[in-house]
Amino acid sequence: MSKLNFKELSELLESRSDSNLRLIFVTRHLKDGVKSRDRMLQKYDFDAYHIDIDSEIRKHLFSLFKREIKKYQEKNLEFADYQVIADDIEQIVTYSMENKTLSFKDLVERQLTEELPKVKALADILATDELWAYCLELDLGDQVIYGFRKMLKGKVGIGESDNKKSMMANLRTSFSTKDEQLELIEGETIFLEQRLDCIYYTDKFYVFKKTQFEQILGLDAEFKAEADTVVASLDELDMIEGLGVISELIKSKPAIHKKMTRIKSLGNYKSLTKDVIKEMKAVGAEFDYQVKVNEDGQLHIEDESDVDLVIRLLCDFYKEGRIFKKKYGTFSGTVISTDV
């Protein structure tokens, strides 16, 4: 599938008016019968709601859409397929929804193409759902493009009478230049940050802000569940002693989740044998790391430093350049050959 041409899109937007834009709210809630602590994939559902806006807001949001597309057109960044852990360079990450089973897939492929329910009161939605993101839908005639921005809880406010439990933890105020004083804002308020984290066009996301994009689709929550499944798979191999240390770290250190997901995507662990562990021990010695191995030839984990080293080894973290023979350490990289 060809990539989106940002220059052509920018020119097309200049020929459109703000009447082609509408604002959509995306909410998230736990699936029926599921608890927040349950260990499972896809435990949340997402819903979309259309919200009416006045002409001034529509004008601002349309200008935002054009400005964001223009900005990335001028940057002329390279495209790169999504990876859980990627090189730390600025690029536009592409993420195809093809063959995905994410709950968010139903929202972009079905809900957004149908007539959406309208928002009448925020309190009605927030009683059961979490306001998760806002979406700008732009009708281009033969195609529709969507822009998404993750919303934070602190950016949404409802009146005290509508939310007695909150005890007005945050006072929503504005400064009146007429009376020269700070005044309370009554009613329901929403702060729409003027930036986009990603756009969705013809079955593919174009990602500007990777972390926020992962939050929108719920990928970050899935990483933790994936991490647990990796530990279970490693346990079945019976090649690592001390997996409980990893399990405890998964509970307290979110940074480990992506690394564990990287282990699963690479699949190296499936080939873990005692001979491979000997190779790991040799690689560790080359870089002055002690790879602990027990009397049975299993990898031995005692503490967090052992966990970090084992994860690196399973991710093939230690690499050597083919041309200049320099040695590198990185979790990223795309597999282009499985020859050994």
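Draft legend 1. Structural view of the overall build of the chain. Of the regular secondary structure elements, the chain holds 10 helices and 16 strands. Counting the 340 residues in the chain, one finds 42% classified as buried. Intrachain contacts of the chain at a sequence separation of at least 6 include 67% that bridge at least 24 residues. Entry remark: accessible area of the chain is about 19800 Å², with carbon and sulfur atoms responsible for 47%.

Draft legend 2. Spatial organisation of the layout of surface pockets. In this structure, the largest pocket spans a volume of roughly 1400 Å³. Contributing to the lining of the largest pocket are 33 residues, with N268, C315, D316, Y318 and K319 lying nearest its centre. Taken together, the elements giving at least two residues each to the lining of the largest pocket come down to α8 (255–266), α9 (274–286), α10 (304–314) and β15 (318–320). Among the elements that make up the lining of the largest pocket, the one with the highest residue count is α9 (five residues). The class makeup of the residues in the lining of the largest pocket is 14 nonpolar, nine polar and 10 charged.

Draft legend 3. The packing of helix α5 (residues 210–217) against helix α6 (residues 219–237), seen in detail. Contact geometry of α5 with α6 gives a least axis separation of 5 Å together with a crossing angle of 75°. Considering the angle they form, α5 stands roughly perpendicular to α6. Residue-level contacts link F213, E214, Q215 and L217 of α5 to L219, D220 and F223 of α6. Looking at the contact of α5 with α6, its residues break down into four nonpolar, one polar and two charged.

Draft legend 4. Structural detail: the environment of Y200. Considering the arrangement of structural elements, one finds Y200 in strand β11 (residues 198–201). Taking the C-alpha atoms as reference points, Y200 and M97, 103 residues apart in sequence, are found 9.8 Å from one another. If we skip the residues at most four places from it in the chain, Y200 touches M97, V108, E109, V144, I145, Y146, F148 and F205.

Draft legend 5. View of the side chain of Q91. Turning to its location among the elements, Q91 is positioned in the loop between β3 (79–81) and β4 (92–96). On the basis of relative accessible area, Q91 is assigned to the buried category, the value being 18%. Not counting residues up to four positions away in its chain, the partners in contact with Q91 are L77, E78, A80 and V207.

Draft legend 6. The arrangement of α10 in detail. By the burial criterion, the buried members of α10 are D306, V307, L309, V310, I311, L313 and L314. Looking one or two places after α10, you find D316, whose phi comes out positive at around 55°.

Draft legend 7. Summary view of the sheet that holds strand β1 (residues 21–30). Read across the open sheet, the eight strands follow the order β2-β1-β5-β6-β11-β12-β4-β3; overall the sheet is mixed. Of all the strands in the sheet, the pair left with one neighbour each is β2 (44–51) and β3. The mean angle between the axes of side-by-side strands here comes to 30°, regardless of whether they run parallel or antiparallel. In this structure, β11 lies alongside strand β12 (residues 204–207), joined through four bridges in antiparallel fashion. Bridge assignment links Y200 to a residue of β12, and that residue is F205. The strands touched by α5 within the sheet are β2, β4, β5 (130–139), β6 (144–150), β11 and β12, with β6 carrying the most contacts at an inclination of about 100°.

Calculation rules
- Residues numbered from 1 in each chain as written.
- Predicted model: local features only at pLDDT ≥ 70, side-chain atom pairs only at ≥ 80, totals over all residues.
- Heavy atoms only, no water.
- Helix = DSSP H or I, 4+ residues; strand = E, 2+ residues; numbered from the N terminus.
- Buried < 20%, exposed > 50% of the residue type's maximum accessible area, 1.4 Å probe, protein only.
- Contact = heavy atoms within 4.5 Å.
- Areas by Shrake-Rupley, 256 points an atom, 1.4 Å probe, with all protein chains shown as cover.
- 1 Å grid on protein atoms, 1.4 Å probe; cavity = no way out; pocket = protein on both sides within 12 Å on 5 of 7 lines; lining within 4 Å.
- Points joined across faces, edges and corners; volume = space filled by probe spheres on them.
- Nonpolar A, V, L, I, M, F, W, Y, C, P; charged D, E, K, R; others polar.
- Axes fitted to C-alpha atoms, helices over the stretch in contact; angles between N-to-C directions.
- Parallel < 35°, antiparallel > 145°, perpendicular 65-115°, else oblique.
- Pairing = 2+ DSSP bridges.

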